[in-house]
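Commentary on secondary and tertiary structure
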Amino acid sequence: MPRFKTILVTGGAGYIGSHCVVDLLNAGHDVIAIDNFANAVCDEEGSPALKRAQQITGKKIVFYEADLLNKPQINDIFDKHPIDCVIHFAALKAVGESMQQPLLYYQNNLLGMLNLLEIMRNHECYQMVFSSSCTVYGEPEYLPITETHPTGSITNVYGRTKYFIEEMLKDLSAADEKWNIISLRYFNPVGAHPSGLIGEDPTKEFTNLMPFMAQVALGKKPVLTVFGNDYNTPDGTGIRDYIHVMDLASGHVAALNYLGSNQVGLKVYNLGTGRGVSVKELVEVFERVTETKIPLKYVDRRLGDITAMWADATLAREELGWSTKLTIEEMCTDFWRWQTMNPDGYPKKSKKTSVIVNGNS
Ligand SMILES: CC(=O)N[C@H]1[C@@H](OP(=O)(O)OP(=O)(O)OC[C@H]2O[C@@H](n3ccc(=O)[nH]c3=O)[C@H](O)[C@@H]2O)O[C@H](CO)[C@@H](O)[C@@H]1O
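Residues numbered from 1 in each chain as written. Predicted model: local features only at pLDDT ≥ 70, side-chain atom pairs only at ≥ 80, totals over all residues. Heavy atoms only, no water.

**Let's talk about the side chain of Ser278**
The line we're drawing: A run of H or I in DSSP becomes a helix once it reaches four residues, and a run of E becomes a strand once it reaches two; helices and strands are each numbered from the N terminus. The term polar contact refers here to a pair of N or O atoms within 3.5 Å; inside protein, the definition further demands a hydrogen-donor-capable atom paired with an acceptor-capable atom, and it admits residues adjacent in sequence only when both atoms are side-chain atoms. Any pair of residues with heavy atoms lying within 4.5 Å of one another is described as a contacting pair.
On the secondary structure map, Ser278 appears in strand β12 (residues 277–278). A polar contact of 2.6 Å, which involves the side chain of Ser278, links it to the side chain of Asp235. Beyond its immediate stretch of four places on either side in the chain, Ser278 contacts Asp235, Thr237, Gly238 and Ile239.

**Some thoughts on the packing of aromatic side chains**
Selection criterion: Paired rings are identified among Phe, Tyr and Trp, the last through its six-membered ring, by centres lying within 6.5 Å, and are further divided according to the angle between planes into stacked (under 30 degrees), edge-to-face (over 60) and tilted (the rest). Type-normalised accessible area, obtained with a 1.4 Å probe on protein chains alone, sets the label of each residue: buried when under 20%, exposed when over 50%, and partly exposed for intermediate values.
Taken as a whole, this structure holds 8 aromatic pairs when the rule is applied. The interplanar angle of 55° and the centroid separation of 5.6 Å between the aromatic rings of Phe37 and Phe63 together place this pair among those described as tilted. One end of the pair, Phe37, is in the loop between β2 (30–35) and α2 (48–57); the other, Phe63, is in strand β3 (residues 61–65), with 26 residues separating them in the sequence. Given a relative accessible area of 6%, Phe37 falls into the buried group.

**A few points about the nonpolar core**
As a reminder, the rule being used: Side-chain atoms within 4.5 Å are what join buried Ala, Val, Leu, Ile, Met, Phe, Trp, Tyr and Cys residues into a set we call a nonpolar core.
Judged by nonpolar contacts, the single largest core of 50 residues is most densely connected at Leu24 and Ile182. Beyond its immediate stretch of four places on either side in the chain, Leu24 contacts Ile7, Val9, His29, Val31, Ile87, Val253 and Leu256. Judged by nonpolar contacts, the second largest core, of 25 residues, contains Ile74, Leu110, Leu117 and Tyr126.

**Considerations on the pairing of β3**
Short version of the rule: Place the viewer so that the strands point away; then a crossover is right-handed whenever the path from the first strand over the helix to the second strand goes clockwise.
Where burial is concerned, most of β3 is hidden: 4 out of the 5 residues are buried. After leaving β2, the chain enters α2 and then returns to the sheet as β3, a path that is right-handed.

**Quick notes on the environment of Val136**
For Val136, the location among the structural elements is in the loop between β5 (127–133) and α6 (157–175). Looking at Val136, the relative accessible area reads 0%, which means it is buried. Once residues within four sequence positions are removed from consideration, Val136 is found in contact with Thr151, Gly152, Ile154, Gly159, Lys162, Tyr163, Glu166 and Arg185.

**Things to note about the state of the cysteines**
Condition: Here, a disulfide means two cysteine sulfur atoms that sit within 2.5 Å of each other.
What the rule picks out here adds up to 0 disulfides. Cysteine Cys85 is unpaired, with the sulfur of Cys125 as its nearest cysteine sulfur at 6.4 Å. A relative accessible area of 3% places Cys125 in the buried class.

**Here's the deal with the pattern of salt bridges**
Opposite charge on two side chains allows them to pair when their charged atoms are near. Formally: Here a salt bridge means any side-chain nitrogen of Lys or Arg lying within 4 Å of a carboxyl oxygen belonging to Asp or Glu.
With the rule as written, the count across this model stands at 14 salt bridges. Ionic pairing is found between Glu167 and Lys170, a salt bridge with its closest N-O pair at 2.9 Å. Of this pair, Glu167 and Lys170 are both found in helix α6, 3 residues apart, which corresponds to roughly one turn of the helix. What makes Glu167 partly exposed here is its relative accessible area of 25%. For Arg302, the salt bridge goes to Asp305, with nearest N and O atoms at 3.1 Å. The network of salt bridges with shared partners includes Asp43, Glu45 and Lys51.

**A few points about the UniProt feature "domain: NAD(P)-binding" (unreviewed entry) in the protein**
Heads up, the rule is: UniProt positions are given in the numbering used here, feature names are shortened, and annotations may be inferred rather than shown by experiment.
UniProt's feature table lists "domain: NAD(P)-binding" (unreviewed entry) at residues 8–334, given in the numbering used throughout. Secondary structure over residues 8–334 splits into 40% helix and 17% strand, and the C-alpha atoms at its two ends are 27 Å apart.

**Observations regarding the sheet that holds β2**
Heads up, the rule is: Two strands are said to pair when DSSP picks up at least two bridges between them. Axes, fitted as lines to C-alpha atoms, cover a helix only where it is in contact. Angles between the N-to-C directions of the axes lie from 0 to 180 degrees.
The sheet built from 7 strands is open, its strands ordered β3-β2-β1-β4-β5-β6-β11 with parallel pairing. Every other strand in the sheet has two partners, leaving β3 and β11 (266–271) as the edge strands with one partner each. Across the sheet, the mean angle separating the axes of adjacent strands is 20° when strand polarity is ignored. Pairing of β5 with strand β6 (residues 180–186) involves 7 bridges; the strand directions are parallel. What sits directly across from Met128, in β6, is Ile181.

**Comments concerning the layout of surface pockets**
To keep it simple, the criterion reads: Residues are called lining when one of their atoms sits within 4 Å of a cavity or pocket point, these points coming from a 1 Å grid over the protein atoms alone, where a cavity is a set in which a 1.4 Å probe fits but cannot get out and a pocket is an open set with protein on both sides within 12 Å along at least five of seven lines. Grid points are joined across faces, edges and corners, and a volume is the space filled by probe spheres set on the points.
The space that makes up the second largest pocket amounts to roughly 230 Å³. Forming the walls of the second largest pocket are 16 residues, and the residues nearest its centre are Asp201, Pro202, Phe206, Gln215 and Asp344. Sorting the residues of the lining of the second largest pocket by element identifies α7 (209–217) and α11 (328–341) as the ones contributing at least two each.

**Some thoughts on the side chain of Thr57**
Structurally, the position occupied by Thr57 is in helix α2. Among the residues examined, Thr57 registers a relative accessible area of 14% and is labelled buried. Side-chain polar atoms of Thr57 contact the backbone oxygen of Ala53, separated by 2.8 Å. With sequence-adjacent residues up to four places away left out, Thr57 is seen in contact with Val22, Leu25 and Asn26.

**Side note on the environment of Gln54**
By the secondary structure assignment, Gln54 is in helix α2. Along the primary structure Gln54 and Gly219 are separated by 165 residues, whereas in three dimensions their C-alpha atoms are 31 Å apart.

**Some points on the site of the ligand**
Just so we agree on the cut-off: Nearness is judged by heavy atoms alone; a residue qualifies as near a molecule or strand once a single heavy atom is within 4 Å of it. Calculation of accessible area relied on Shrake-Rupley with a 1.4 Å probe; when residues are assessed, cover is drawn exclusively from the protein chains displayed.
Around the ligand sit 19 residues, and of these Leu209, Thr225, Arg240, Arg302 and Asp305 come closest. For the ligand, whose free accessible area comes to 730 Å², the fraction covered by protein is 87%. Within the residue set of the shell around the ligand, elements represented by two or more residues are β7 (188–190) and β8 (224–227). For the shell around the ligand, the element with the highest residue contribution is β8, accounting for 4 residues.

**Considering the confidence of the model for the protein**
The criterion, for reference: In predicted models, pLDDT denotes the confidence assigned by the predictor to each residue on a 0 to 100 scale.
Here the protein averages 94 in pLDDT, while 96% of its residues score no lower than 70. Segment residues 352–358: pLDDT under 50, and 17 contacts once partners within four positions in sequence are set aside and those in other chains are kept. Quick note on the complex model: pTM equals 0.95, ipTM equals 0.94.

Following this line, the structure appears as structure tokens:
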């Protein structure tokens with residue numbers, strides 16, 4: 001029996017959220033998932049991703065279409081369910097959009113978090129796992145990056161919302177020792193559940209490497225644009241720490257278990273493999289395991305991109321007992337299975353117009 005039984009997952013219908021829900025259900029937790037469908041597909045019955053998560057696990061999820069900016073709605077959910085811990089994924093995350101609409105990002109990500117924390121406190125729920133990002137580090141001063149690397153020199157608004165929230169959580173945990181929070185700094189999540197039933201299906205214009213590459217392999221886009229081949233790296237292309245989304249999901253279960261038996265105040269962990277992979281290397285592995293050919297076009301560096309970033313994930317291994325298990329090959333194979341089984345993503349029907357809190361499961 002897990003120490004925390006009932007987990008509220010905000011942004012549960014999204015890419016990382018839905019994979020995490022699968023792991024939580026497999027670990028024996030009860031899951032209440034909420035999503036406002038800002039960047040997740042919905043149909044007449046709710047979330048197809050969560051429906052498939054139920055199919056994968058054979059377990060039930062309680063789902064609410066709900067928005068963290070609507071406090072009474074969230075309050076009702078806390079009134080109805082004995083929530084032991086919150087895993088907070090719900091946030092806007094498009095870097096370009098965040099530069100054009102900073103107020104939207106500050107309102108959604110910061111105010112959403114403030115509302116959530118206030119409602120949690122009112123319901124005496126002080127346990128949280130927060131979805132942060134390696135973007136808080138900005139341009140690395142050294143590699144691999146440890147959790148003690150300075151944060152805050154970030155070049156985009158989306159990244160700053162993650163940074164501001166971490167600062168807010170520091171103040172909160174310093175002011176009241178009842179709070180027990182883990183902030184997980186993800187490196188570059190890719191891949192999909194090995195069943196091919198759930199995966200990444202962004203509703204907004206996306207620019208991340210793996211989904212773009214898969215679209216090229218499918219013939220939906222003509223060419224993969226490589227942003228810069230003159231970086232100071234062995235092959236001239238940018239280096240990142242790609243992590244399989246199922247390894248990322250298990251990091252949340254490990255964090256939850258740790259919170260269940262330790263009072264940490266606020267603790268921060270990197271979730272990465274500890275291995276840097278270049279754009280060229282990733283393309284080569286993808287081509288090999290999927291037996292496809294990706295036409296490349298080299299262009300100038302993308303504004304705001306860094307040269308190289310990979311994690312030192314020692315702390316998570318030593319304290320949470322977590323480490324990654326899945327390889328770059330598996331990240332590519334699993335993403336490709338999801339893409340070929342669902343070339344147009346989840347089945348999309350017309351979006352519900354009303355926002356109803358009804359606990360559809
Ligand atoms: C500047 C930016 O957008 N940063 C976001 C991006 O990180 P990040 O830029 O690391 O992730 P991407 O998947 O967009 O890019 C990875 C690497 O692939 C290259 N690349 C990407 C797409 C493409 O069409 N061609 C190409 O060459 C990039 O230059 C980079 O070297 O996604 C992360 C989530 O996963 C976010 O946390 C980061 O805030």
